[in-house]
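The primary structure of each chain is shown beneath.
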Amino acid sequence: MPELPEVEVVRRGLVSWVRGRTITSVDVLDPRSLRRHALGPEDFAGNLEGARVLDVVRRGKFLWMPLTDASGDPAPGSPAPASPAPAVALMAHLGMSGQLLMQDAAVPDEKHLKVRLGLSAAGGMPEQLRFVDQRIFGGLFLTSLIPTADGGPGGLAETPLPLIAEEASHIARDPLDPHFSFGAFYRRLRARKTGLKRALLDQGLVSGIGNIYADEALWKAQLHYARPTDTLRRAEALRVLDAAREVMTDALAAGGTSFDSLYVNVNGASGYFERSLNAYGREGLPCRRCAAAGRVSLMKREQFMNRSSYTCPVCQPRPRNGRW
């Protein structure tokens, strides 16, 4: 499943192609990709046709496009009236293999194309936004926009509005969000009686840190995943959060981890960050930090929440009263 950097790569690519354009047509090739839109394909298409895409917004791994009605646009030369706040958004859930691809109309349909959106002409840009999904765990649906609880922007966007997609309103801000509050995060972290990695994966506490990046951040911060959160000092919490921000920023620059060959960004390009991972997937290999210091230590893999955790037994020692 794509993690935060992959979704941010898609957001950045997508906004440059679709922002300000009008959806002129909607073709639903597989209704299963609209199962989260309770009113069905006809309602989905009817509400999208004629809508203008204002922006592309991301919070954690949630991605949405605020929409307005383009039918009320002023005539050429007329002053533009004040735009009402958008009330609806098109939400994209990428699931395990969902892809948002910009394509010219002449490009043949992809094998697993599920939904095709026609877009208004814009300076030689591709005319279609396609949702492709082999495993059909992802999908598209329309959702309401509601005010954010803290009055800040809903998420990362080009024109931040204090609105958030209703389905994303329960999740916290992520470390790449300029409005993320470390103070609030630390207070809530210390109040919990759980292990550190469990806390990092809790989207209600901090969003966007998935299993891969949690392991990478913990390795960089030299903290074990079972460290009790209520014993974590402020400097340690700041260290692991800074580490998470750093590894996700590095992954963002590289295009994401791309462990799954099905994952591509909006232009069909895969990421290459997996070549730089220090912890995840390195069972039995030397710890790079220990090797650089002249120590011998092999990375270990342990079962964790039906997944795996990778740690160095030397520079990430098991805590005495760990919470697993």
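Residues numbered from 1 in each chain as written. Predicted model: local features only at pLDDT ≥ 70, side-chain atom pairs only at ≥ 80, totals over all residues. Heavy atoms only, no water.

**A short note on the overall build of the chain**
Alright, step 1. Looking only at helices and strands, one finds seven helices and 12 strands in the chain.
Alright, step 2. Expressed as a percentage of its 324 residues, the buried residues of the chain come to 54%.
Alright, step 3. Put simply, of all contacts in the chain between residues at least 6 apart along the chain, 65% involve residues at least 24 apart.
Alright, step 4. Counting only carbon and sulfur atoms, one obtains 53% of the accessible surface of the chain, whose full area is about 14,500 Å². (Helix = DSSP H or I, 4+ residues; strand = E, 2+ residues; numbered from the N terminus. Buried < 20%, exposed > 50% of the residue type's maximum accessible area, 1.4 Å probe, protein only. Contact = heavy atoms within 4.5 Å. Areas by Shrake-Rupley, 256 points an atom, 1.4 Å probe, with all protein chains shown as cover.)

**Let's talk about helix 2 (residues 40-48)**
Alright, step 1. For helix 2, the complete set of buried residues consists of Gly 40, Phe 44, Ala 45 and Leu 48. Buried residues in helix 2, looked at end-on, bunch into an arc of 165°, giving them a common side. In helix 2, the exposed positions angled more than 90 degrees off the buried face are occupied by Glu 42 and Gly 46.
Alright, step 2. Among the structural elements, strand 1 (23-28), strand 2 (51-53), strand 4 (62-69), strand 5 (88-93), strand 7 (113-119) and strand 9 (139-147) are those in contact with the buried residues of helix 2. (Arc of directions from axis to C-beta.)

**Considering empty space enclosed by the protein**
Alright, step 1. Within the structure shown, the criterion is met by two cavities of 30 Å³ or more.
Alright, step 2. Roughly 60 Å³ of internal volume is contained in the largest cavity.
Alright, step 3. Lining the largest cavity, in full, are Val 57, Trp 64, Pro 66, Pro 86, Leu 145, Gly 154, Ala 157, Thr 159, Pro 160, Leu 161 and Leu 163.
Alright, step 4. Among the residues forming the lining of the largest cavity, the class breakdown is nine nonpolar, two polar and no charged.
Alright, step 5. Here the second largest cavity defines a volume of roughly 40 Å³.
Alright, step 6. As for the second largest cavity, its lining consists of Met 65, Leu 90, Leu 100, Val 115, Leu 117, Leu 129, Arg 130, Phe 131 and Leu 140.
Alright, step 7. Listing elements by their share of the lining of the second largest cavity, those giving two or more residues are strand 7 and strand 8 (128-132). (1 Å grid on protein atoms, 1.4 Å probe; cavity = no way out; pocket = protein on both sides within 12 Å on 5 of 7 lines; lining within 4 Å. Points joined across faces, edges and corners; volume = space filled by probe spheres on them. Nonpolar A, V, L, I, M, F, W, Y, C, P; charged D, E, K, R; others polar.)

**Some words on the confidence of the model for the chain**
Alright, step 1. Of the residues in the chain, 90% have a pLDDT of 70 or more, and the chain-wide mean is 90.
Alright, step 2. Long-range and interchain partners of residues 266-272, a stretch whose pLDDT sits below 50, account for 19 contacts in this model, where long-range means more than four residues apart. (pLDDT = per-residue confidence, 0-100.)

**Examining the pairing of strand 5**
Alright, step 1. One ladder, built from five bridges, connects strand 4 with strand 5; its direction is antiparallel. Within the sheet, the bridge partner assigned to Met 65 lies in strand 5 and is Leu 90.
Alright, step 2. When strand 5 meets strand 9, the two strands line up antiparallel, connected through six bridges. Paired with Met 91 across the bridge in strand 9 is Phe 141. (Pairing = 2+ DSSP bridges.)

**What to know about helix 1 (residues 4-18)**
Alright, step 1. Compared with an ideal rise of 1.5 Å per residue, which puts 15 residues at 21 Å, helix 1 spans 21 Å between its outermost C-alpha atoms and is within 8% of the ideal.
Alright, step 2. Counting buried residues along helix 1, 12 of its 15 residues qualify, which places the element largely inside the surrounding structure.
Alright, step 3. Among the residues of helix 1, Leu 4, Pro 5, Glu 6, Val 7, Glu 8, Val 9, Val 10, Arg 11, Gly 13, Leu 14, Val 15 and Val 18 are the ones counted as buried.
Alright, step 4. Following helix 1 by one or two positions, Gly 20 adopts a phi angle in the positive range, close to 85°. (Expected span 1.5 Å × (residues − 1).)

**Observations regarding the packing of aromatic side chains**
Alright, step 1. Scanning the entire structure with this criterion turns up six aromatic pairs.
Alright, step 2. When the ring of Phe 180 is compared with that of Phe 185, the centres are 5.8 Å apart and the planes differ by 50°; the resulting orientation is tilted. Across this residue pair, the class does not change: Phe 180 and Phe 185 are buried.
Alright, step 3. Taking the centre distance of 5.3 Å and the plane angle of 70° together, the rings of Tyr 225 and Phe 304 count as edge-to-face. (Phe/Tyr/Trp six-rings, centres within 6.5 Å; stacked < 30°, edge-to-face > 60°.)

**Some words on the nonpolar core**
Alright, step 1. Membership of the largest hydrophobic core comes to 32 residues, with the highest contact counts inside it found for Phe 185, Leu 189 and Met 248.
Alright, step 2. Counting residues per element, the ones that place at least two in this core are helix 3 (182-190), helix 4 (196-200), helix 5 (211-221) and helix 6 (234-254).
Alright, step 3. Looking at this core element by element, the count peaks at eight residues for helix 6.
Alright, step 4. If we ignore the near neighbours within four places in the chain, the residues touching Leu 189 are Leu 196, Ala 199, Leu 205, Thr 229, Leu 232 and Ala 237.
Alright, step 5. Ranked by size, the runner-up nonpolar core spans 29 residues in total, among them Val 7, Leu 48, Leu 63 and Leu 142. (Core = buried A, V, L, I, M, F, W, Y, C linked by side-chain atoms within 4.5 Å.)

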